[in-house]
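# Chains, contacts and geometry: an overview
Okay, here's what each chain looks like letter by letter:
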Amino acid sequence: MKKFMVLLLAILVLISCIFVSCKNKEKDDEGGTTVSGLEENADEYGFEVTDVTDENGKKVTDKDGNTVTTEVAVVYKKDKKGKTYAEVLNPNGEAVTDKNGKAVTMKVTQTTTEKETTTKKSNKKTTTAGLTTTTAPKPTGTTKKDVETTNEDETTKLEKGAVPKTDASGKEVSFSQKDQMILKSMLEVPYLYTASYENSDGVPLSIATHTAVWMAERDGGTKTIYPSSPVVLNLFKYYGQTVVNFKTQCNKYSEESGAPIKYISKDDTFEITGFTAKKQEVSISRIEALGNGYYKITGKVSNAAGKNKVAAIVQKNKLDTSLGFSIKALKWS
């Protein structure tokens, strides 16, 4: 009898372990396995400053003898002891490797924790070299004819601080026609009008799915399967912050939002089955400087399911020189 009870107890324990194991795993349609709450969540991106060196590895200096520095995109990792380090990325979101094929890493020098969100990101705010705001022959995109064109270089003047709310106001300025067209295209990401958010709320996953598809199309994508790193890094470029839990929640929200993107965990890839036709039309009517590299863009909207206006908080960002801006907050009305 005792042997029977011991055997029965062992069987019950085994069944319990199997049940718990199955509960912690979610099978995707491709047979891959996603482990909830672990490393499949969201990679954390940011900027780090490094010295510029010549072909011989010698530090480059300016005319005053100061070492020339540059900022590079990085993904934050943890070593076996739990200490955070930065892995350098190329423009495609892939790890930069040395001659031995090992990933190039660097110490974390920026502050990577902000109280407003649960994700780590750099507090270093930067501007785009190459996308200037001084080339417009006359002010455009504003409601006044005598508004001055902004020419401030905020690359070295940015300070830490909270992202302004969408109801903030500031001094009206003008951007070049080129910059306005970039911002217009960013605000016309299909179905972006379906969600409003303040920066402290984090990026809504429902619109992040459409943004990921738009960014892939903008990069000239023609294939179906994409490595995960460039897709996630593209979202960081667009929003200027990590989109938390995008990998684990992508399939759920893409199904709800109708975005043609799917995460395949077994290969750590994204499948994009098509590109979405343009929906809303945005006409920029006012640009206000809010300081610290932030601007408020106000525009008129059409073909957006009854939404007529948009207020966007944007920030200059040189992680991607072809965009030059990040969308930090949105309010559709």
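To keep things clear, this report deals only with the structure shown in the data block.

### Some words on the pairing of strand β13 (residues 309–316)
- In terms of burial, β13 is largely enclosed, as seven of its eight residues are buried.
- The sheet contact formed by strand β12 (residues 294–302) and β13 spans seven bridges and is antiparallel. From the neighbouring strand, T298 faces β13, where its bridge partner is A311.
- The antiparallel pairing of β12 with β13 creates a hairpin that spans six residues between the two strands, and N303 there sits at a positive phi of about 60°.

### Description of helix α2 (residues 177–187)
- Buried within α2 are the following residues: D179, Q180, I182, L183, K184, M186 and L187.
- In this structure, the buried residues of α2 make contact with α3 (205–218), α4 (228–239), β11 (281–291), β12, β13 and β14 (325–332).

### Looking at unusual backbone geometry
- Positioned with a positive phi, Y191 is a non-glycine residue whose angle comes to about 70°.
- Taking the relative accessible area as the measure of exposure, Y191 reaches 25% and is therefore partly exposed.
- Residue D268 is not a glycine yet carries a positive backbone phi of 55°.
- Residue position: D268 is located in the loop between β9 (261–264) and β10 (269–272).
- Here D268 falls in the partly exposed class, since its relative accessible area comes to 31%.

### Considering the packing of aromatic side chains
- All chains considered together, the criterion is met by eight aromatic pairs.
- Centroid distance Y238 to Y239: 4.6 Å. Interplanar angle 70°. Geometry classified as edge-to-face.
- Y238 gets classed as buried once you look at its relative accessible area, which sits at 0%.
- Connected via pairs of aromatic rings, a cluster forms that spans Y197, W214, Y238 and Y239.

### Quick notes on the pairing of β11
- Note: strand β7 (residues 171–172) against β11, two bridges, orientation antiparallel. Within the sheet, the bridge partner assigned to E172 lies in β11 and is E288.
- With nine bridges connecting them, β11 and β12 associate as antiparallel partners. In the sheet register, I284 faces β12, and the bridge partner there is G299.
- Connecting the antiparallel pair β11 and β12 is a turn made up of two residues, with N292 showing a positive phi of about 60°.

### Section: the pattern of salt bridges
- Under the defined criterion, the tally for this structure stands at eight salt bridges.
- For E188, the salt bridge identified is with K278, shortest N-O distance 3.0 Å. Of this pair, E188 sits in the loop between α2 and α3 while K278 sits in the loop between β10 and β11, and the two are 90 residues apart along the sequence.
- What makes K278 partly exposed here is its relative accessible area of 48%.
- A salt bridge links K278 to E281, with the shortest nitrogen-to-oxygen separation between them at 3.0 Å.

### Examining the packing of α3 against helix α5 (residues 246–257)
- Two elements in contact, α3 and α5, have axes whose closest approach is 8 Å; the angle formed by their N-to-C orientations is 90°. One finds that α3 runs roughly perpendicular with respect to α5. The residues of α5 that touch α3, namely those facing L205, S206, A208, T209, H210 and A212, are F246, Q249, C250, Y253, S254 and S257.
- For the contact of α3 with α5, the class distribution of residues is six nonpolar, six polar and no charged.

### Some remarks on the sheet that holds β13
- In space, the five strands of this open sheet follow the order β7-β11-β12-β13-β14, with antiparallel pairing throughout. Since the sheet does not close on itself, it has two edges, and those belong to β7 and β14, each with one partner.
- Where α2 meets the sheet, its contacts fall on β11, β12, β13 and β14, and the angle it forms with β14 comes to roughly 55°.

### With respect to the packing of α3 against α4
- Interhelical geometry of α3 versus α4 gives an angle of 105° and a closest axis separation of 9 Å. By the angle between their axes, α3 is roughly perpendicular relative to α4. Facing α3, whose interface residues are I207, A208, T211, A212, W214 and M215, α4 presents V231, N234, L235, K237, Y238 and Y239.
- For the contact of α3 with α4, a count of residues per class yields nine nonpolar, two polar and one charged.

Calculation criteria
- Throughout, residues of each chain are indexed from 1 in the direction in which the sequence is written.
- Whole-chain, interface and lining totals are the exception, using all residues; otherwise, since this is a predicted model, local features are given only for residues with pLDDT of at least 70 and side-chain atom pairs are given and counted only at 80 or more.
- With hydrogens and water set aside, each side-chain value is computed from the structure's full complement of heavy atoms.
- Burial status follows relative accessibility: with a 1.4 Å probe on protein chains alone, a residue under 20% of its type maximum counts as buried, one over 50% as exposed, and anything between as partly exposed.
- Helix numbering and strand numbering both begin at the N terminus, where a helix is a DSSP run of H or I of at least 4 residues and a strand a DSSP run of E of at least 2.
- The criterion for strand pairing is that DSSP finds at least two bridges linking the strands in question.
- Contact criterion: two residues are considered in contact whenever any of their non-hydrogen atoms come within 4.5 Å of each other.
- For Phe, Tyr and Trp, where Trp contributes only its six-membered ring, two rings pair if their centres lie within 6.5 Å, and the inter-plane angle classes them as stacked under 30 degrees, edge-to-face over 60, or tilted in between.
- The salt bridge definition used is simple: a Lys or Arg side-chain nitrogen within 4 Å of an Asp or Glu carboxyl oxygen.
- Every angle, taken between N-to-C directions, lies between 0 and 180 degrees, and every axis is a line fitted to C-alpha atoms, over only the stretch in contact when it is a helix.
- These descriptions rest on fixed angle ranges, namely under 35 degrees for roughly parallel, over 145 for roughly antiparallel, 65 to 115 for roughly perpendicular, and the rest for oblique.
- Any residue outside Ala, Val, Leu, Ile, Met, Phe, Trp, Tyr, Cys, Pro, Asp, Glu, Lys and Arg is labelled polar, Gly included; the first ten of those are nonpolar and the last four are charged.

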